[in-house]
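Examination of the molecular architecture
Each chain is listed here by its residues.
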Amino acid sequence: MLIADSVSVKGRHDLLVSPTSLQVTRGEVHLVVADPQISRTALALALSGRMKPSTGTVSWGHADSLKTLRQHTALLDSPEVNEPESHMKVRDLIAEDLALLPGPIWKKPRNKKWTALHGFDDVAKDWADSLDPARRLELQLLLAAEDSRIELIVLDSPDRHDMQDDVWLDLLLEFAGSNRAFAIVAIVSNAPYEWDGPITYLGSNEYEEFESPEEATALISGEPLVEEPEEPEELEEPENSE
């Protein structure tokens, strides 16, 4: 289980991530709504153990060390951090990621064999950034899954690409529901309208499940949630007694 407790990240001049808490279990897709992009990236770095939070703690399982968190976490597609570079072809992206897998070289998958096995041989010579966004996301998820240590996947702004929300959501749900039971955190700019799973909003410092985005916004802003007044019941007129 991922446990983030009052995590905040300070930039040079401003607070990039206000104190935020969340818990994510294996086999679960958890959305975190945050703006702007720099805040999403800062939170992604903190939740994946790539950056120490300014305040608060992030832990995976019973271990609270950043090293353990990094070993078990894959950070995917973070802008200007590790998104596929424009000068790379699909085959280069695959070769680079497979080369970085731990263990001796003779145990690592062969690039061409892996590419054909997962159905990417038809686009191996294409530029990575020209690949259909859904196929590129699937490729990154499959490459992350090659590391047997990975149990948590953190995605930075998967909704920024030109694809419908249900497309990337279905991919994440598929990987979370696999036999590996990945815990998946997707940090997004807006919650998809049809999403009814667990969700946290930037600045939410309580482990709560919200019934609506309005309820979460009210908690973060400190303003009371205004509820629609109930219609008064009509009173029955007493019967005239004769």
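None of these values were measured; they are calculated from a predicted model.

What about the overall build of the chain?
Helix and strand counts for the chain stand at seven helices and eight strands. The contacts of the chain with a sequence gap of at least 6 include a subset with a gap of at least 24, amounting to 69%. For the chain, the exposed area adds up to about 14300 Å²; of that, 48% sits on carbon and sulfur atoms.

Examining the packing of aromatic side chains
Evaluation of the coordinates by the stated rule reveals one aromatic pair. For the ring pair F175 and F182, a centre distance of 6.5 Å and an interplane angle of 40 degrees mean the geometry is tilted. The burial state of F175 is the same as that of F182; both residues are buried. The ring of W127 carries the charged tip of K89 above its face, separated from the ring centre by 5.1 Å.

Remarks on the sheet that holds strand β4 (residues 55-60)
One open sheet accounts for three strands, arranged β2-β1-β4; its pairing is antiparallel. Every other strand in the sheet has two partners, leaving β2 (15-24) and β4 as the edge strands with one partner each. Sheet twist, expressed as the mean angle between neighbouring strand axes with direction ignored, is 20 degrees. Sheet topology places strand β1 (residues 2-10) next to β4; five bridges connect them, and they run antiparallel. When the bridges of β4 are listed, L2 appears paired with W60.

Section: the environment of Q71
Of note, Q71 is situated in helix α2 (residues 66-71). For Q71, a relative accessible area of 32% translates into the label partly exposed. The sequence separation of Q71 and W60 amounts to eleven residues, and the corresponding C-alpha distance is 9.9 Å. Contacts of Q71, omitting those with residues within four sequence positions, involve R149 and I150.

Here we look at the packing of helix α5 (residues 133-145) against helix α6 (residues 165-176)
Closest axis-to-axis distance for the α5/α6 pair is 10 Å, and the angle between their directions is 20 degrees. On the basis of their axis angle, the class for α5 and α6 is roughly parallel. In this structure, α5 meets α6 at a crossing whose hand is right-handed. Contacts between α5 and α6 involve A134, L137, E138, L141 and L142 from the former and V167, W168, L171, L172 and F175 from the latter. Residue classes in the contact of α5 with α6 are distributed as nine nonpolar, no polar and one charged.

Remarks on the sheet that holds strand β7 (residues 183-188)
What the five strands build is an open sheet, ordered β5-β6-β7-β3-β8; its pairing is parallel. The two strands at the open ends of the sheet, each matched to only one other strand, are β5 (73-76) and β8 (199-201). With strand direction ignored, the average angle separating the axes of adjacent strands in the sheet is 20 degrees. In the sheet, strand β3 (residues 29-33) pairs with β7 via five bridges, with the strands oriented parallel.

Details of α5
Taking 1.5 Å per residue as the helical rise, α5 with its 13 residues ought to reach 18 Å, and the 18 Å between its terminal C-alpha atoms agrees with that figure. With respect to burial, α5 is a largely interior element, eleven of its 13 residues being buried. Among all positions in α5, only P133, A134, R136, L137, L139, Q140, L141, L142, L143, A144 and A145 are buried. Turning to α5, the residues buried within the fold contact β5, α3 (90-99), α4 (111-117), β6 (152-156) and α6.

Points about the confidence of the model for the chain
Residues with a pLDDT of 70 or more make up 85% of the chain, whose mean pLDDT is 88. Note on residues 209-228: pLDDT is under 50 here. Beyond four places in sequence and across chains, it has 19 contacts.

What counts, and where the lines are drawn
Residues numbered from 1 in each chain as written. Predicted model: local features only at pLDDT ≥ 70, side-chain atom pairs only at ≥ 80, totals over all residues. Heavy atoms only, no water. Helix = DSSP H or I, 4+ residues; strand = E, 2+ residues; numbered from the N terminus. Contact = heavy atoms within 4.5 Å. Areas by Shrake-Rupley, 256 points an atom, 1.4 Å probe, with all protein chains shown as cover. Phe/Tyr/Trp six-rings, centres within 6.5 Å; stacked < 30°, edge-to-face > 60°. Buried < 20%, exposed > 50% of the residue type's maximum accessible area, 1.4 Å probe, protein only. Lys NZ or Arg CZ within 6 Å of the ring centre and 35° of its normal. Pairing = 2+ DSSP bridges. Axes fitted to C-alpha atoms, helices over the stretch in contact; angles between N-to-C directions. Parallel < 35°, antiparallel > 145°, perpendicular 65-115°, else oblique. Left-handed = near helix turned anticlockwise from the far one by under 90°. Nonpolar A, V, L, I, M, F, W, Y, C, P; charged D, E, K, R; others polar. Expected span 1.5 Å × (residues − 1). pLDDT = per-residue confidence, 0-100.

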